[in-house]
Amino acid sequence: TIQGSVTLHNGVKMPQLGFGVFKVKNGSETVESVKKALEAGYRHIDTAAIYGNEEGVGQAIRESGIPREELFITSKVWNTEQGFEKTLQAYEDSLKRLGTEYLDLYLIHWPGTDKYIDTWKALEKLYTDSRVRAIGVSNFHVHHLENLMNHTELKPVINQIELHPRLSQLEIREYCKKHDIKVEAWGPLGQGNLINEPTINHIADKHGKTAAQVMIRWHLQNDIVVIPKSVTPSRIVENTQVFDFELSLDEMNQIDSLNLGERYGTNPDENL
Ligand code: NAD
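Residues numbered from 1 in each chain as written. Predicted model: local features only at pLDDT ≥ 70, side-chain atom pairs only at ≥ 80, totals over all residues. Heavy atoms only, no water.

(A) Expanded view of the overall build of the chain. A tally of helices and strands in the chain yields 10 helices and 10 strands. The C-alpha radius of gyration of the chain comes to 18 Å, within 12% of the 19 Å expected for a compact globule of 272 residues. Burial analysis of the chain (272 residues in total) assigns 54% to the buried set. Within the chain, contacts between residues separated by at least 24 positions form 75% of all contacts whose residues are at least 6 apart in sequence. Summing over all exposed atoms, the chain offers an accessible surface of approximately 11800 Å²; the carbon and sulfur share of this is 46%. (Helix = DSSP H or I, 4+ residues; strand = E, 2+ residues; numbered from the N terminus. Rg over C-alpha atoms; globule rule 2.2 N^0.38 Å. Buried < 20%, exposed > 50% of the residue type's maximum accessible area, 1.4 Å probe, protein only. Contact = heavy atoms within 4.5 Å. Areas by Shrake-Rupley, 256 points an atom, 1.4 Å probe, with all protein chains shown as cover.)

In structure tokens, the structure reads:
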């Protein structure tokens, strides 16, 4: 299996490199790519109710024969299911589709407007009832995190946000570090947009690596959990071959300097 894990503030260990399945079609595309990922050594899968492929992820897990406790499965409650009772039900629905008894990590997918406090209280209940190993959030700005922590008991273990060399999210990273909340990067390759970026490719050539591998390595060396997505078998494997080289401080700085605060996805304040 793939090296490296982070320890969440509740003591749960999470593989630092995972496999994302956004936009992977339910059915054979999901089953085949998740099986390929598990074969390649990934033990952490990132899905969401809204991706519509939890059944496929579940089927791949069962067909892989890998014991459930060796896997780390994340899913997320979608915007329309926010609120206390709806979220409790959404969790059961995700479990049923995945064919599993528990999730390792359940996230609020987007903050939205005002319901995320009640949604979080449902996640707290699932956690205190030992139904889920860890609970966290996604797409939370600092102001969302502050408001959440001012009005609830448990603090999120992780915040999954858009993060890549063009959007390095320094403010949220610093805030999360101070509060012992891990940061997880979605769109770590800029959703594919950064594959031809010249500085990254120059660094990649020096190491005999690819741009994707250099970007994944940049996340790992920054203590960020990273979940690149691919449905191409060779790239699924390529994206795991990131533990046999190291970026120098100078190379890390060169990649840091690409930050433009540029999003490929939606600003959480505008996804209401
Ligand atoms: P990504 O940055 O992982 O980019 C994926 C794309 O990059 C692929 O479709 C492919 O075009 C390209 N690619 C991947 N590996 C490559 C390689 N080795 N060489 C060349 N090209 C390669 O983008 P993503 O899928 O949006 O993000 C990763 C995961 O994050 C998702 O699958 C999902 O699980 C999660 N996510 C979460 C949210 C959220 O709101 N929480 C939003 C988007 C994505």
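(B) Representation of the packing of aromatic side chains. Taken as a whole, this structure holds five aromatic pairs when the rule is applied. Aromatic side chains Tyr116 and Phe140 sit 5.1 Å apart centroid to centroid with 70° between the ring planes, which places their arrangement in the edge-to-face category. Residue Tyr116 is located in helix H4 (residues 116-128), and its partner Phe140 is located in the loop between strand E7 (135-138) and helix H5 (142-151); the two are separated by 24 residues in the primary sequence. Take Tyr116 and Phe140: they sit in the same class, and that class is buried. Just above the ring of Phe245 sits the side chain of Arg217; from NZ or CZ to the centre is 5.9 Å. (Phe/Tyr/Trp six-rings, centres within 6.5 Å; stacked < 30°, edge-to-face > 60°. Lys NZ or Arg CZ within 6 Å of the ring centre and 35° of its normal.)

(C) Fine view of the layout of surface pockets. Taken as a whole, the largest pocket spans an internal volume of roughly 800 Å³. Along the walls of the largest pocket sit 36 residues, with Phe22, Gly187, Gln191, Gly192 and Lys229 positioned nearest its centre. Taken together, the elements giving at least two residues each to the lining of the largest pocket come down to helix H8 (211-221) and helix H9 (233-238). Space inside the second largest pocket adds up to approximately 240 Å³. No other element matches helix H6 (residues 170-178), which puts three residues into the lining of the second largest pocket. In terms of residue class, the lining of the second largest pocket is made up of four nonpolar, one polar and five charged. (1 Å grid on protein atoms, 1.4 Å probe; cavity = no way out; pocket = protein on both sides within 12 Å on 5 of 7 lines; lining within 4 Å. Points joined across faces, edges and corners; volume = space filled by probe spheres on them. Nonpolar A, V, L, I, M, F, W, Y, C, P; charged D, E, K, R; others polar.)

(D) Representation of H6. Buried within H6 are the following residues: Ile172, Arg173, Tyr175 and Cys176. Along H6, the residues classed as buried sweep out an arc of 165° about the axis, all on the same side. In H6, the exposed positions that point more than 90 degrees away from the buried face belong to Leu170, Glu171, Glu174, Lys177 and Lys178. Of the residues one or two after H6, Asp180 is the one with positive phi, at around 60°. (Arc of directions from axis to C-beta.)

(E) Quick look at the site of the ligand. Around the ligand, a shell composed of 26 residues is seen, among which Asp46, Ser138, Asn139, Leu189 and Gln191 lie nearest. Between the ligand and Pro188 there is a distance of 3.1 Å, counted from an oxygen atom to a backbone nitrogen or oxygen. Within the side chain of Gln191, an N or O atom sits 2.7 Å from an oxygen atom of the ligand. With the chains in place, 90% of the 820 Å² that the ligand exposes on its own is no longer accessible. If you map the ligand onto the pockets, it falls in the largest pocket. Classifying every residue of the shell around the ligand gives 11 nonpolar, 10 polar and five charged. (Near = heavy atom within 4 Å. Polar contact = N/O pair within 3.5 Å; in protein donor to acceptor, adjacent residues only side chain to side chain. Sits in = over half its atoms within 2 Å of the grid points.)

(F) Structural detail: the side chain of Arg173. Following the sequence through the fold, Arg173 ends up in helix H6. Asp256 is the oppositely charged side chain nearest to the buried, salt-bridge-free Arg173, at an N-O distance of 5.5 Å. Reaching out from Arg173, the side chain makes a polar contact with the side chain of Asn222 at a distance of 3.4 Å. Residues contacting Arg173, with those up to four places away along its chain left out, are Leu163, Ser168, Val183, Trp218, Asn222 and Ile224. (Lys, Arg positive; Asp, Glu negative; His and termini not counted. Salt bridge = Lys/Arg side-chain N within 4 Å of Asp/Glu carboxyl O.)

(G) How the structure looks around the environment of Pro67. Here Pro67 lies in the loop between helix H2 (54-64) and strand E5 (72-77). Expressed as a C-alpha distance, the spacing of Pro67 and Ile45, which sit 22 residues apart in the sequence, is 14 Å.

(H) Broad picture of the environment of Lys36. Looking at the secondary structure, you find Lys36 in helix H1 (residues 28-40). Between the C-alpha atom of Lys36 and that of Ser234, which follows or precedes it by 198 residues, the distance is 9.5 Å. Dropping the residues within four chain positions of it, Lys36 is found in contact with Pro233, Ile236 and Val237.

(I) Up close: the pairing of strand E6 (residues 105-108). Going residue by residue along E6, you find Leu105 and Leu107 tucked away on one face and Tyr106 and Ile108 tucked away on the opposite face as well. Pairing of E5 with E6 involves four bridges; the strand directions are parallel. Residue pairing for E6: Ser75 is matched across the bridge by Tyr106. As paired strands, E6 and E7 are joined by three bridges and run parallel to one another. Residue Ile108 lies in a different strand from E7, and its bridge partner there is Val137. Once the chain exits E6 it traverses H4 before rejoining the sheet at E7, and the crossover so formed is right-handed. (Pairing = 2+ DSSP bridges. Right-handed = clockwise from strand over helix to strand, strands pointing away.)

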